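Chain by chain, the residues run as shown.
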Amino acid sequence: MTDTTASSGSGRQRNRTRNRPAIAAPAFIRRQVPTYALLQPDGLQQLHTQAELILAEIGVEFRGDDEALDLWRKAGAKVEGERVRFEPGHVVEIIRKTTPKTFTQHARDPGHSVEIGGDAVVFAPAYGSPFVYDRDNGRRYGTLEDFKNFVKMTWMSPWLHHSGGTICEPVDIPVNKRHLDMVYAHIKHSAKPFMGSVTAPERALDSIEMCRILFGADFVDKNCVILGNINTNSPLIFDGVMSRALRAYAAANQAAVVVPFILGGAMGPVTTAGAIAQAHAEAMVGVALTQLERPGAPVIYGNFLSSMSLRSGAPTFGMPEPALAYLAIGQLAQWLGVPLRCGGSLTASKVADAQAAQESADSLWPALLGGANFILHAAGWLEGGLVMGYEKFVLDCDHLGMMHRLMGGLTLDDNAMAMDAFREVEPGKHFLGCAHTMANYQTAFYDADLADNDSFEQWRDAGSRPADVRADKRWKALLQSHVDPVLDPAIDEALNDFMDRKKQAMADAWY
């Protein structure tokens, strides 16, 4: 291959990109396709009854949080030591009495505020990875620079609605201080909504206080501006760090995302129905606790339920059992009347390869069909969540663009019915040059950024580049074109002053 032919292929790609219209994407998706009802009412009732049996007979432990135990005691639950048991119907009654069915999470740019619940769908990037991966540098620990890069790329992607939270762990910053830098990066480099810290109650409070600086204390007291992702310590435990962080968010009228983290056969039963009942029980208890802390506080009923290899003990993703679980859990959340969070583009693959594509697609589909309102891990997830991948991130974003079009449903207006085209084109002739095609050609079909649809010869002459190589070029271009959204200098100064005072008040802690 000569330099001339390579340049020619690259030129075609540049021209194709240059001639595209600017992408206009909504702040969030308004679902126009129905959810899938896997279970009949009696099957749904069986799962819920099993969850209530677990709560009545086994119960849930709250370790290291006496205030949570007091709240349950006052609410009428049976508290023995750290174990709390619930009469059938008790938890549901608390949830349905005051939990909002939908709420708005406000962004600093109001045009990017999102609705959570109902028929709304919100995509957020992956969360919590200690490692990052790209083709140039391989697998390595994440840094603050990596964290900022992913925030910037999320801001640049029209298909991600939410900036996420701990997109990757910046391990070059002390553990007790990195939450400040992460929240600030979300505020500085993006104007989409974001998540705060949950790794200690005081870090949750710091995250909320930074939002008070950004939005104003009175606005924060009356509106949701930040989410906190709360994992149960499955099976059937809320440790004090998580439950106190949950209560900190709820007390401030901010949304906790209550997520049982269950791998079937390890943190839950090996049978899918039993694991669903456990997940439902744990999530209901967490949602109810937010309402005891502050009735009417926004909250999201979450789920992370996956399978594992019983031969090796390794988690598996994109498998049929978790897909069935998502569909059932979607029905349970709708029955309760609460917003639902599910996982997104999940894979055990180490790189952005065929396995990653299959598992990610087969993880995202059931979340969408099940009615998930907030989809975390929608882009970038690799190696069972241990790795945030640069190439995987942009490939996933391209797929999310397709899901935007799919969730928009089928248009049936006069233009869609295309009668003018039928009148213009004679039988047996083609539609390529007719007026209707020319009027719709830029928007008729989703035009994937990273799919290669050229002929074999064109693909060969352009360098025979596989998808991950094309993605490598794409994420670098995103970062190169990023511009920070405007932030009021006085607010920026106040945020930095707050961070400086907090950091100076404590010694570095690395674990």
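Given the structure is predicted, the values throughout are model-derived calculations rather than measurements.

A. Spatial organisation of the overall build of the chain. A tally of regular secondary structure across the chain gives 19 helices and 21 strands. Taken over the C-alpha trace, the chain has a radius of gyration of 24 Å; the compact-globule value for 511 residues is 24 Å, and the two agree within 12%. Here the C-alpha coordinates of the chain stretch approximately 75 × 60 × 50 Å along the principal axes. Looking at the chain residue by residue over its 511 residues, the buried ones come to 53%. Long-range pairs, those at least 24 residues apart, make up 76% of the contacts in the chain between residues at least 6 apart in sequence. For the chain, the accessible surface area stands at approximately 22,200 Å², while carbon and sulfur atoms represent 55% of it. Taking the average location of the 48 positive side-chain charges in the chain and that of its 59 negative ones, the two points are 1 Å from each other.

B. Representation of the packing of helix H2 (residues 41–58) against helix H11 (residues 320–336) within the structure. Two elements in contact, H2 and H11, have axes separated by 11 Å at closest approach and are oriented at 80°. Classified by the interaxial angle, the pair formed by H2 and H11 is roughly perpendicular. Contacts between H2 and H11 pair Leu44, Leu47 and His48 from the former with Ala328, Gln331, Leu332 and Trp335 from the latter. Here the contact of H2 with H11 is composed, by residue class, of 5 nonpolar, 2 polar and no charged.

C. Inspection of the confidence of the model for the chain at higher detail. The predicted model of the chain has a mean per-residue pLDDT of 94, with 95% of residues at 70 or higher. Confidence drops under a pLDDT of 50 for residues 1–21, and excluding neighbours within four residues, the segment shows 19 contacts in the predicted structure.

D. Representation of the nonpolar core. If you look at the biggest cluster of nonpolar residues, it comprises 134 residues, and the most contacted ones within it are Phe62, Trp72, Phe123, Leu227 and Tyr301. At 11 residues, the largest contribution of residues to this core is made by helix H10 (residues 272–293). Beyond its immediate sequence surroundings of up to four residues, Leu227 is in contact with Phe103, Gln105, Ile116, His162, Phe194, Met195, Gly196, Tyr249, Ala255, Val257, Ile300 and Phe374. Ranked by size, the runner-up nonpolar core spans 5 residues in total, among them Phe131, Tyr133, Leu382 and Val387.

E. Molecular detail of the sheet that holds strand E21 (residues 387–389). Ordered by their spatial adjacency, 4 strands build an open sheet running E9-E8-E21-E20, and the pairing between neighbours is mixed. Because the sheet does not close on itself, it has two edges, and the strands there are strand E9 (138–141) and strand E20 (381–382). Across 4 bridges, the pairing between strand E8 (residues 131–134) and E9 is antiparallel. If you follow Asp134 over to E9, its bridge partner there is Gly138. Sheet strands in contact with helix H13 (residues 390–407) are E8, E9, E20 and E21, and its direction is about 60° off that of E21.

F. Focus on the sheet that holds strand E14 (residues 261–263). One open sheet holds the 3 strands; their spatial order is E14-E16-E17, and the pairing between them is mixed. At either margin of the open sheet sits one strand with a lone partner, and together these are E14 and strand E17 (315–316). Of the strand pairs in this sheet, strand E16 (residues 304–308) and E17 are connected by 2 bridges, and their pairing is antiparallel. Pairing of Ser307 across the sheet is with Thr316, part of E17.

G. Quick peek at the environment of Ala273. With respect to the helices and strands, the residue Ala273 is situated in helix H10. A relative accessible area of 45% means that Ala273 is categorised as partly exposed.

H. Looking closely at helix H3 (residues 66–75). Taken as a whole, H3 has its buried residues at Ala68, Leu69 and Trp72. Seen along its axis, H3 keeps its buried residues to an arc of 100°; they face one direction. Of the residues in H3, the exposed ones pointing more than 90 degrees away from the buried face are Asp66, Glu67 and Lys74. Contacts from the buried residues of H3 go to strand E2 (60–63), strand E3 (78–80), strand E4 (83–85), helix H4 (90–98), helix H9 (240–251) and H10.

I. Main features of the packing of helix H7 (residues 201–215) against H9. With their axes 8 Å apart at the nearest point, H7 and H9 run at an angle of 25° to one another. As judged from the angle between their axes, H7 and H9 are roughly parallel. Of the two elements, H7 crosses H9, and the hand of that crossing is right-handed. Between H7 and H9, the contacting residues are Pro201, Ala204, Leu205, Ser207 and Ile208 on the first element and Val241, Arg244, Ala245, Ala248 and Tyr249 on the second.

J. Examining H9 more closely. Helix length check: H9, at 12 residues, gives a terminal C-alpha distance of 16 Å against a target of 16 Å (1.5 Å per residue), a fit within 8%. Across the 12 residues that make up H9, a large majority, 9, are buried. Buried within H9 we find Gly240, Met242, Ser243, Ala245, Leu246, Arg247, Ala248, Tyr249 and Ala250. Capping the start of H9 is the job of one residue whose side-chain oxygen sits 3.0 Å from the backbone nitrogen of Val241: Asp239. Of the residues flanking the end of H9, it is Asn253, one or two places downstream, whose phi is positive at about 65°.

Conventions adopted
- Residues numbered from 1 in each chain as written.
- Predicted model: local features only at pLDDT ≥ 70, side-chain atom pairs only at ≥ 80, totals over all residues.
- Heavy atoms only, no water.
- Helix = DSSP H or I, 4+ residues; strand = E, 2+ residues; numbered from the N terminus.
- Rg over C-alpha atoms; globule rule 2.2 N^0.38 Å.
- Buried < 20%, exposed > 50% of the residue type's maximum accessible area, 1.4 Å probe, protein only.
- Contact = heavy atoms within 4.5 Å.
- Areas by Shrake-Rupley, 256 points an atom, 1.4 Å probe, with all protein chains shown as cover.
- Lys, Arg positive; Asp, Glu negative; His and termini not counted.
- Charge placed at Lys NZ, Arg CZ, Asp CG, Glu CD.
- Axes fitted to C-alpha atoms, helices over the stretch in contact; angles between N-to-C directions.
- Parallel < 35°, antiparallel > 145°, perpendicular 65-115°, else oblique.
- Nonpolar A, V, L, I, M, F, W, Y, C, P; charged D, E, K, R; others polar.
- pLDDT = per-residue confidence, 0-100.
- Core = buried A, V, L, I, M, F, W, Y, C linked by side-chain atoms within 4.5 Å.
- Pairing = 2+ DSSP bridges.
- Arc of directions from axis to C-beta.
- Left-handed = near helix turned anticlockwise from the far one by under 90°.
- Expected span 1.5 Å × (residues − 1).
- Polar contact = N/O pair within 3.5 Å; in protein donor to acceptor, adjacent residues only side chain to side chain.

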